Amino acid sequence: MKTTNFFSKKALCFLVCACIFGAFSFAQELPSGFGGVTLGMSVDAAKEALKKNGDFGYNGDADVSLLPGENRVLIETDAQVFAQWSYLDRCWFQFYEDSLYTIMINFNKKKMDYYSLYSSLVKKYGEPKEFSPERALWENDSIRMTLERPLVIKYIDLKVFNELQSQSRVEKTGREKMREEFLDSL
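Every chain is numbered independently, its residues counted from 1 as its sequence is written. This being a predicted model, a pLDDT of at least 70 is required before a residue's local features are given, and a value of 80 or more before pairs of side-chain atoms are given or counted; all residues contribute to the totals for chains, interfaces and linings. As a rule here, side-chain values come from all non-hydrogen atoms in the structure, and water together with hydrogens is ignored.

Visitor: Would you take a moment to explain the nonpolar core for this structure?
Guide: Nonpolar side chains tend toward joint burial in soluble globular proteins. In this structure, Val-37, Phe-93 and Trp-138 are the most contacted members of the largest nonpolar core, which totals 36 residues. Only DSSP runs of H or I reaching four residues or more are called helices, and only runs of E reaching two or more are called strands; each is numbered from the N terminus. Ranked by residue count, the leading element in this core is helix α4 (residues 114–125), at 6 residues. Pairs of residues are marked as contacts when any of their non-hydrogen atoms sit within 4.5 Å. Every residue in contact with Phe-93, bar those within four places of it in the chain, is listed here: Val-37, Leu-50, Phe-56, Val-73, Leu-74, Ile-75, Thr-77, Leu-100, Thr-102 and Ile-103. Among the buried residues, those of types Ala, Val, Leu, Ile, Met, Phe, Trp, Tyr and Cys that are joined through side-chain atoms within 4.5 Å form a nonpolar core. Working definition: with a 1.4 Å probe on protein chains only, accessible area under 20% of the residue-type maximum means buried, over 50% means exposed, and in between means partly exposed.

Set out below in structure tokens:
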């Protein structure tokens, strides 16, 4: 009896562990984008993908602008105007050196809700790495995906993002330091 009881407890423990670890293995790898538009695409490739997916409301080159700074392009779409059937609202696609590194998708709050998006993401990708009332964050070595309130999903290429962050931490010039000192003295 004792031997059977020992093996039963051991088998039960094994099954519980298998279920817990099995649940983690069913979570899919984080996506690198949405609707055929993925991080790392060139500006031209992203334009083509946006043309193919009417949900974004892409209106052609009128939606493309250059950002201050070198090699930065922004595509902004408006599904509320050009794709009224869509679940999407406004979307932004930021490029650095002709590579898409940030995707921001706003959802139409009249057609979609935070809880539905959150539940779907948890079902597909597992529990978020960080969670607060303002956002849920999933991340791996190369991609950060956040669901933010009121209703935005962001995809970020961490390699490019971290590179841009480190560039912004460059030592300030004498003129910038003097300006800050002046402003601090007010």
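Read on, since the account is not over.
Visitor: Which parts of the structure should I look at to understand a nonpolar patch on the surface?
Guide: A patch consists of residues exposed above 30% relative accessible area that lack any salt bridge, with like charges linked at up to 9 Å and nonpolar side chains (Val, Leu, Ile, Met, Phe, Trp, Tyr) linked at up to 5 Å. Using the Shrake-Rupley algorithm and a 1.4 Å probe, accessible areas are obtained, with residue cover drawn only from the displayed protein chains. Just to be clear on terms, a salt bridge is a Lys or Arg side-chain nitrogen sitting within 4 Å of an Asp or Glu carboxyl oxygen. Nonpolar side chains collect at one region of the surface, where Phe-182, Leu-183 and Leu-186 lie side by side and expose about 360 Å² of accessible area between them. In this structure, Leu-186 sits in the segment after α6 (174–184).

Visitor: Please clarify how the environment of Ser-65 should be interpreted in this entry.
Guide: Relative to the elements of secondary structure, Ser-65 occurs in strand β3 (residues 64–66). Among the residues examined, Ser-65 registers a relative accessible area of 33% and is labelled partly exposed. In this structure, the C-alpha to C-alpha distance between Ser-65 and Gln-94, residues 29 residues apart in sequence, is 9.9 Å. When near neighbours in sequence (up to four residues on either side) are disregarded, Ser-65 contacts Arg-72, Val-73 and Leu-74.

Visitor: Help me out: how do you make sense of the packing of aromatic side chains in this one?
Guide: Both the distance between ring centres and the angle between the ring planes are used here to describe each pair of aromatic rings. By convention, a stacked pair of Phe, Tyr or Trp rings (six-membered ring in the case of Trp) has centres within 6.5 Å and planes under 30 degrees apart, an edge-to-face pair has planes over 60 apart, and any other such pair is tilted. Inspection of the entire model under this criterion finds 6 aromatic pairs. A centroid spacing of 6.3 Å and a plane angle of 45° characterise the contact between Tyr-118 and Trp-138, whose relative ring orientation is tilted. Note that Tyr-118 is positioned in helix α4 and Trp-138 in strand β8 (residues 135–139), a separation of 20 residues in sequence. Aromatic rings pair up to connect Phe-34, Phe-56, Phe-93 and Phe-107 into one cluster. Cation over ring: Arg-149 sits above Tyr-114, and NZ or CZ is 3.8 Å from the ring centre. Working rule: Lys NZ or Arg CZ, within 6 Å of ring centre, within 35 degrees of ring normal, means a charge sits over the ring.

Visitor: Which parts of the structure should I look at to understand the layout of surface pockets?
Guide: It is the rolling of a water-molecule-sized probe over the atoms that shows where space remains empty. The definitions used throughout rest on a 1 Å grid laid over the protein atoms alone, on which a cavity is an enclosed set of points accommodating a 1.4 Å probe that cannot get out and a pocket is an open set flanked by protein within 12 Å on both sides along at least five of seven lines; lining residues are those having an atom within 4 Å of a point. Grid points are joined across faces, edges and corners, and a volume is the space filled by probe spheres set on the points. Of the pockets and cavities examined, the largest pocket occupies roughly 160 Å³. Lining the largest pocket, in full, are Pro-31, Gly-33, Phe-34, Phe-107, Leu-117, Ser-120, Leu-121, Lys-124, Tyr-125, Ile-153 and Tyr-155. For the lining of the largest pocket, the secondary-structure elements that each account for two or more residues are β1 (33–34), α4 and β10 (152–157). The greatest single-element share of the lining of the largest pocket, amounting to 5 residues, is contributed by α4. Throughout this entry, Asp, Glu, Lys and Arg are counted as charged residues, while Ala, Val, Leu, Ile, Met, Phe, Trp, Tyr, Cys and Pro are counted as nonpolar. The remaining residues, Gly among them, count as polar. Split into classes, the residues belonging to the lining of the largest pocket amount to 8 nonpolar, 2 polar and 1 charged.

Visitor: What should I look at first to understand the side chain of Asn-108 in this one?
Guide: Along the chain, the position of Asn-108 falls in the loop between β6 (99–107) and α4. Polar contacts, as counted here, are pairs of nitrogen or oxygen atoms within 3.5 Å of one another; within protein the pair requires one atom able to donate a hydrogen and one able to accept it, and residues that are adjacent in sequence qualify only if both atoms are side-chain atoms. For Asn-108, the side chain forms a polar contact with the side chain of Gln-80, separated by 3.3 Å. With near-sequence residues (within four places) excluded, Asn-108 lies in contact with Gln-80, Ser-86, Tyr-87, Leu-88, Asp-89 and Leu-151.

Visitor: I would appreciate a short explanation of the side chain of Thr-77 in the present structure.
Guide: Along the chain, Thr-77 falls in strand β4 (residues 72–78). Here Phe-56 takes part through its backbone oxygen, which lies 3.1 Å from a polar atom of the side chain of Thr-77. Each residue touching Thr-77, except ones within four places of it in the same chain, is listed here: Leu-50, Phe-56, Gly-57, Tyr-58, Asp-63, Asp-89, Arg-90, Cys-91 and Phe-93.

Visitor: What am I meant to see in α4 here?
Guide: Since the α-helix turns once every 3.6 residues, residues separated by three or four places project in the same direction. Spanning 12 residues, α4 covers 16 Å between terminal C-alpha atoms, matching the ideal 16 Å at 1.5 Å per step. Of the residues making up α4, those classed as buried are Tyr-114, Leu-117, Tyr-118, Leu-121, Val-122 and Tyr-125. With its buried residues spanning 130° around the axis, α4 presents them on a single face. Along α4, the residues that are exposed and aim more than 90 degrees away from the buried face are Tyr-115 and Lys-123. The inward-facing, buried residues of α4 abut β6, β7 (130–131), β8, β9 (143–148) and β10. Looking one or two residues beyond α4, the residue adopting positive phi is Gly-126, at roughly 85°. Expected span of a helix: the number of residues minus one, times 1.5 Å. Comment: arc refers to directions from the helix axis out to C-beta atoms.

By themselves, these are just geometric observations and shouldn't be taken as functional.
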